[in-house]
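Now for the letters of each chain:
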Amino acid sequence: MPPSGDDPSGRLPLSADPTAVLSSLALQAGGALGGPVEQEHLFQARQLQALSLGWHIVIVCFGVAFPVIVLVAEGLWLRTRDPLYRELARRWSRAMLVLFAVGVVSGTILSFELGMLWPEFMATFGEVFGFAFALEGFAFFVEAIFVVIYVYGWDRLSPRLHFLTGLPIPVAGVAGSLFVISVNGWMNHPVGFDLVDGRVTNVRPLEALFNTHVWHEVVHMQLAAYLVAGFAVAGVYAWAWLRGRRDRYHAVGFAIPFTIAALVAPVQLMVGDWAARSVAENQPTKLAAIEGLAETTDGAPLTLFGWYRDGEVVGGLKIPRALSILAHHDPSARVQGLDAVPPDERPPVNVVRVAFQVMVAIGTGLALLAAIYLLAWWRRRGPPSSPWFYRAAVLAGPASIVALEAGWITTEVGRQPWIVYELMRVDQAVTGASGVPVGYGVVAGVYALLTLATVAVLIRMARLPREGAG
Amino acid sequence: MTLADLCAILIVLGLTAYAVLAGADFGAGFWELGAGRGPTGRRARALIESAMGPVWEANHVWLIFVLVVFWTCFPVAFGSVASTLAVPLFLAAVGIIFRGSTFAFRGAGGPRARPLLGALFVASSLLTPFFLGAAVGAVAAGRVPVGNAAGDPIGSWWNPTGALVGALAVLTGVYLAAVYLAADARRAGATDLAEAFRRRALIAGAVTGALAMGGLLVLRDDSRHLYDGLTGDGLPLVVLSAVAGVATMTLLWRRAYGPARAAAAAAVAAVIWGWAWSQRPDLLPGELTIGDAAAGRPTLVAVLVGALVGGAIVAASLAFLFRLVLSGRLDKELPPRADAGSPVP
Ligand code: HDD
Ligand code: HEM
Ligand code: HEM
C-alpha cells in the first residue's frame, strides 16, 4: 500500500515562482529538521555519495561471492584430498581478507556520509528504513567474525571445523545484502508508513523492510556479485594461460571461479527482465528515461542505441511494440512517457539510457561467453582452447564491474530528482553545511590512493611463489 | 523505563564496547610508534599485529552498530549531530579508512612499503579516536542544536571540552592497549615484552588518570552543565572509575595481567556510564530529551526485538572468536629475541 503522500492528486500544481515550488514540495514530506536549506554544492554532494557507493559496491561483490568460491575449493579438497584445491583456497582466502578489510572501511564511510550529506533524509525517514540497517549491523558482525576465524584458522582448526567456520560467511553476506538493498528498494518504492501533514507516522517496519522493490534488486545484485568476483578471479588465471602457464594449478584456478560465473550469467538476463518489469510497475518515469520515451504511448516501440534530444531518440534502432511486450507482456499495452511528470521531475535521460544499454550489452556478452564455455564442457569435457576465449575471459572481469556500475547508475540516477521516490527531493534532503567540495576532493584523492594500493597489494599477493604443493 | 530509554541504553552499550575493544586497537597504534627499531621493536610490532589481526574488524563493527541504532531510534538527533559535526566525523571517517587499510595491507605489502604504511597506520590510529572523542564531547557539552547543520561547524567541537574528550579517547585507548598487550605477551610466552608493556601501562595509566582529574577542572570552566552532572548524579560512577583505575595499577604492579585487563576496561566503561547517567533524560543536552527524540513505537520495538535476536547470534559468535583468541589458538609466532639483556630500547 503506498503512503498517502504518494497520491498524485496530492501534488500541488507547478508554479513559475521557484520559492512557491519549493515550499509546495516541502509539504510532501515536511523535513523533520525544519525543511530545505541553501546548498550551492548539491551536485558535489551527490557526486561524493555516488563515488563512495560506487567504490564500496565493487569490493562488496568480493565479500559476497569470494567466500563461496573459496569454500567450493576447500570442499573439493575435503572430498578429494588433492592438495592443489587446498592451496588455491588458502591463497584466495588471504586476498579475501584484504578485500574484506577494505570493504569494512569503505562501508563505514558510507554510514557517516548518509548523515553528513543527507541529514534531512535521515532525520525524516530514518525511523522507517533504519530497521534494515540495524539488522545489517548484526549481519556484518557475523561476517567479520567468521571471515577472520576462517582465514586465521588454516592449520589451527581441524579441517572439518575449519570448513564449517566458513559457512556462516556467505549466509551473513546474503542477509547483509538483503538488508542494505532493502533500504535502496525502499528509497525507490517508499512504503510502510503514513504521511500526515508532512509528518511520518504509523511506521510499519516490516512492510518497509520487505518493500516490493527489494526482491528483484537483491537477486540481481547477488548474481552481479558472483559475476564480478567469479570473472575477476578467473581473469587472473586466464591471463596466466595466455602467458603460457597452462599447468593443472592454473587450469583449476580458472575453472572454479569461471564455472560459477558462467552458470550465473544466463540467469542474470532473466532477472534483469524481471527488474525491468518491476521498474515499469513501480517507477514508470524511470522506465521512460531508460527507454527515452517522451510521450505516453500505446504499443510503445523499443529503441536501441541512439541519443535522446528534444523529446526523441535520434539515431536509434526502433523495434515496434517491443517495449510494451517487454514491460507488460502485451503488444498494445500503454507505457507511460516522460510527459506524465513535469520537466523538473524527470531524470537526466541520456545518463540513464546509456548506462542501461551498457549494462544490457555487457550482460548479453557475458552470457554468450558463458554459453561458449559451458558448451565446450558439454561437448568435450574441457574448457575452450582458443586464445580468443581466454582474451575475452580476461576482459570479462572488468566488463562485469562496468555493468555493475552502469546498473547502479540506472537505478540511482533514474530515481532523480527524488531521494525518496515522489516524496523527498535530493535538494530537500541535502546538508546545509559548507565545504562539501573540499570533502569531495579529499575523498576522491583518498579513494584514488586506496584503489592503487589495493591493486598493488593484490598483484603482489598473486605473484608470491607457490608453496610447493603439487 | 521506556522503550526509548532501552534504545538509548543499547547505544551506550555499543559505545562502551567500542571504547574498550576498538579503543585498544587504536591505542596499539601508539605503541607501534614507541616500539622502536631493532629486534625488540620487531617483536613488539609482531605482537601488536598478532593481537589485533583477528579482532579489529569485529571490534570496529561496534561503531557501525552505534550509528545505525542511533539513526533508526533517534533520527532527528542523528541528523542534527551528523550535519553539525560533519568536520570531525569526516576526519574520523578518513582516519578509519587509512587505519584499516594500512593495517590490512601491511602483511601483504612489500618491505619498501612497510615504513610508509606504518607511519600512516600510527597517525590515523591517533587522529581517529581524537575526532570521534571530540564529536562526543560536543554532544555532551550541549553544543549541537536541533537542525540541519544548525550548530557551529568548528566551534562546536574545537573547544576545551571537545579537545579534552578527544585527548581522553586517545589516551584511554593507549592505556588499554598497553594493559591488554602485557597480557597477550605473557600468553605468547614473551616475558620481555610483557615487562615492557607493564611498564608502559603503568605510565599510561598515571597520565590518563591525571588528565581525567585535571579535565574536570577544564569542564568546570568550559561546560559547567556537564561538570555538574559528572560531580552530581554521575559521581558514584566517576568514583567507581577511579577505584577501578587504582585497582588496575595495583594489579599491574603485581603482574596479575588477566584481572588487570578487566579492571582497566571497567574503569573506562564507568566513565562512559557516568556521563550517560548524568545526562539523562537529555539526548542533546538543552535541546532534546530521549523521549522527545525517539522514533515511533513500532520502530523502537522492531529494533529492540532485532537486537535481542541478532544480539544472541552475535554474542555466541563473539564468544567463539574470543575463546579462540584468548586461548592463543589464532596467535602468530613472534620473531626470536635478540638477547635476554635489554628488553626495551
Ligand atoms: C554484472 C552486473 C549486471 C548485469 C550483467 C546486468 N545487470 Fe542489471 N543491474 C545490475 C547489474 C547487472 C546492478 C547490480 O548494478 C543493478 C543496480 C540496482 C540493482 O538492483 O541491480 C542493476 C539494475 C538493473 C535495472 C534497474 C532496477 C531498478 O532500478 O530497480 C534494470 C531494469 C536492469 N538492471 C536490467 C538488466 C537487464 C535487462 C540485463 C540483461 C542483459 C541486466 N540488467 C544485466
Ligand atoms: C544499496 C543501497 C544504496 C543506498 C541506500 C543508496 C543511497 C543513495 C543516496 C542516499 C543517494 C543520494 C541522494 C540521491 O542522489 O538520490 C544516492 C545517490 C547515488 N547513488 Fe546510491 N545508494 C545505494 C546503492 C548505490 C550503489 C551501489 C551505487 C553504485 C554506483 C549507487 C550510485 C549512486 C549514484 C550514481 C548516485 C547519484 C545520483 C545522482 O545524484 O544523480 N548507489 N544513493
Ligand atoms: C551503514 C553503513 C555501511 C557499512 C558500515 C557498510 C559496511 C559493509 C561491510 C563491512 C560489508 C561486508 C564487506 C564485504 O562483504 O566485503 C558490506 C557489504 C555490503 N554493502 Fe556496505 N556498508 C554500509 C552501507 C552500505 C550502503 C549504503 C550500501 C549501498 C550501496 C552498501 C552496500 C553493500 C552491499 C550490497 C553489501 C553486500 C552484502 C554483504 O556483504 O553483506 N553498504 N558493507
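Residues numbered from 1 in each chain as written. Chains lettered and ligands numbered in written order. Predicted model: local features only at pLDDT ≥ 70, side-chain atom pairs only at ≥ 80, totals over all residues. Heavy atoms only, no water.

> What am I meant to see in the coordination of the iron atom of ligand 2 here?
Around a metal, the idealised angle for a tetrahedral arrangement of four donor atoms is 109.5 degrees; for an octahedral arrangement of six donor atoms it is 90 or 180 degrees. One donor from the polypeptide reaches the iron atom of ligand 2: E412 of chain A (OE), at 2.0 Å. Within the secondary structure, E412 of chain A is located in helix α13 (residues 387–413). (Donors = N, O, S within 2.8 Å, 3.2 Å for Na, K, Ca; no water. Helix = DSSP H or I, 4+ residues; strand = E, 2+ residues; numbered from the N terminus.)

> Looking at this structure, I do not really get the coordination of the iron atom of ligand 3. What am I missing?
From the protein, the iron atom of ligand 3 takes a single donor atom, H56 of chain A (NE2), 2.1 Å away. Assignment of secondary structure puts H56 of chain A in helix α2 (residues 42–80).

> Would you mind showing me how to read the side chain of S317 of chain B here?
Tracing the sequence through the fold places S317 of chain B in helix α13 (residues 297–326). Judged by its relative accessible area of 6%, S317 of chain B falls in the buried class. Ignoring anything within four residues of it in the chain, the contact list for S317 of chain B reads V142, I145 and F146 of chain A. (Buried < 20%, exposed > 50% of the residue type's maximum accessible area, 1.4 Å probe, protein only. Contact = heavy atoms within 4.5 Å.)

> Quick question: what am I supposed to make of the packing of helix α10 (residues 235–253) of chain B against helix α11 (residues 257–279) of chain B here?
Axis angle and axis distance: for two packed helices, these are the angle between their axes and the distance between the axes, and together they describe the pair. Residues and elements named next belong to chain B. The interhelical angle for the contact between α10 and α11, taken along N-to-C directions, is 165°, at an axis separation of 8 Å. It follows from the interaxial angle that α10 and α11 lie roughly antiparallel. The handedness of the crossing between α10 and α11 is left-handed. Within the contact between the two elements, α10 uses L237, L240, S241, A244, G245, T248, L251 and L252 and α11 uses Y257, P259, A260, A263, A264, A266, A267, A270, V271, W273, G274 and W277. Tallied by class, residues from the contact of α10 with α11 come to 16 nonpolar, 4 polar and no charged. (Axes fitted to C-alpha atoms, helices over the stretch in contact; angles between N-to-C directions. Parallel < 35°, antiparallel > 145°, perpendicular 65-115°, else oblique. Left-handed = near helix turned anticlockwise from the far one by under 90°. Nonpolar A, V, L, I, M, F, W, Y, C, P; charged D, E, K, R; others polar.)

> I'm lost on the interface of chain A and chain B in this one. Help?
Put simply, an interface is often sized by how much accessible area is lost when its parts join up. Each partner contributes to the interface: chain A provides 60 residues, whereas chain B provides 63 residues. Among the residues of chain A in contact with chain B, F112, F138 and F141 of chain A are the three that bury the most area, contributing 13% of the side total. At the boundary of chain A and chain B, one finds 6 residue pairs in polar contact (both at pLDDT 80 or more). When residues of the side of chain A that touches chain B are traced back to their parent elements, those giving at least two are α3 (83–117), α4 (119–152) and α15 (436–463) of chain A. Ranked by the residues each element gives to the side of chain A that touches chain B, the list is headed by α4 of chain A, at 22 residues. The residue makeup of the side of chain A that touches chain B, split by class, is 45 nonpolar, 12 polar and 3 charged. (Buried area = accessible area lost by both parts, 1.4 Å probe. Polar contact = N/O pair within 3.5 Å; in protein donor to acceptor, adjacent residues only side chain to side chain.)

> Teacher, can you tell me more about the site of ligand 1 here?
Residues and elements named next belong to chain A. Around ligand 1 there are 25 residues in total, and H213, H220, K286, M359 and L404 lie nearest to it. Within the side chain of H216, one N or O atom sits 2.8 Å away from an oxygen atom of ligand 1. A distance of 2.8 Å separates a nitrogen atom of ligand 1 from a polar side-chain atom of H220. Elements with a contribution of two residues or more to the shell around ligand 1: α8 (214–242), α9 (248–282), α12 (349–380) and α13. Residue contributions to the shell around ligand 1 peak at 7 residues, all from α9. Its residues assigned to classes, the shell around ligand 1 comprises 13 nonpolar, 9 polar and 3 charged. (Near = heavy atom within 4 Å.)

> Any chance you could explain the nonpolar core here in plain terms?
Burial of nonpolar side chains together is a common tendency in soluble globular proteins. Judged by nonpolar contacts, the single largest core of 250 residues is most densely connected at W118, F121 and F125 of chain A together with F74 of chain B. It is α4 of chain A that contributes the most residues to this core, 22 residues altogether. Beyond its immediate sequence surroundings of up to four residues, F121 of chain A is in contact with G126, F129, W186, M187, I419, V420, M424 and A429 of chain A. With 10 residues, the next largest nonpolar core counts A300, L302, L323 and A327 of chain A among its residues. (Core = buried A, V, L, I, M, F, W, Y, C linked by side-chain atoms within 4.5 Å.)

> Just checking my understanding: could you explain the pattern of salt bridges for this structure?
When charged atoms on two side chains of opposite charge get close, those side chains can pair. All names here are of chain B. Scanning all chains against the criterion turns up 19 salt bridges over all chains. In this structure, R255 and E195 form a salt bridge, with 2.5 Å as the shortest nitrogen-oxygen distance. Pair noted here: R255 is in the loop between α10 and α11 and E195 is in helix α8 (residues 191–222), with a separation of 60 residues, a long-range link. Since its relative accessible area comes to 24%, E195 is described here as partly exposed. The partner of D228 in a salt bridge is R224, and the shortest N-O contact between them spans 3.2 Å. One end of the pair is D228 and the other is R224, both in helix α9 (residues 224–231) and 4 residues apart, which spans about a single turn. (Salt bridge = Lys/Arg side-chain N within 4 Å of Asp/Glu carboxyl O.)

> How should the site of ligand 2 be read in this particular structure?
Residue and element names in this part refer to chain A. Taken together, 21 residues surround ligand 2, and among them R46, L53, E412, R415 and Q416 come closest. Here Q416 contributes a side-chain N or O atom positioned 2.9 Å from an oxygen atom of ligand 2. At the level of elements, α2, α6 (168–188), α13 and β9 (418–420) are the ones that each hand at least two residues to the shell around ligand 2.

> Just checking my understanding: could you explain helix α6 (residues 114–140) of chain B for this structure?
Owing to its 3.6 residues per turn, the α-helix aligns residues three or four sequence positions apart on the same side. Its 27 residues give α6 of chain B an end-to-end C-alpha distance of 39 Å, which sits within 8% of 39 Å, the value for a rise of 1.5 Å per residue. In the stretch just after α6 of chain B, G142 of chain B is the one whose phi turns positive, near 75°. (Expected span 1.5 Å × (residues − 1).)

> What is the right way to look at the packing of aromatic side chains in this model?
Each aromatic ring pair is characterised by the separation of its centres together with the angle its planes make. If you walk through the whole model with that rule in mind, you get 38 aromatic pairs over all chains. With 6.2 Å between their ring centres and 80° between their planes, F254 of chain A and F389 of chain A make a pair best called edge-to-face. With F254 of chain A in helix α9 and F389 of chain A in helix α13, this residue pair connects regions lying 135 residues apart in the sequence. Given the relative accessible area of 3%, F254 of chain A is considered buried. We classify F389 of chain A as buried; its relative accessible area is 6%. A connected cluster of aromatic rings, assembled from ring pairs, spans F121, F125, F129, F133, W186 and F193 of chain A together with F70, W71 and F78 of chain B. Stacked on the ring of W388 of chain A, the Lys or Arg R391 of chain A has its end atom at 4.5 Å from the ring centre. (Phe/Tyr/Trp six-rings, centres within 6.5 Å; stacked < 30°, edge-to-face > 60°. Lys NZ or Arg CZ within 6 Å of the ring centre and 35° of its normal.)

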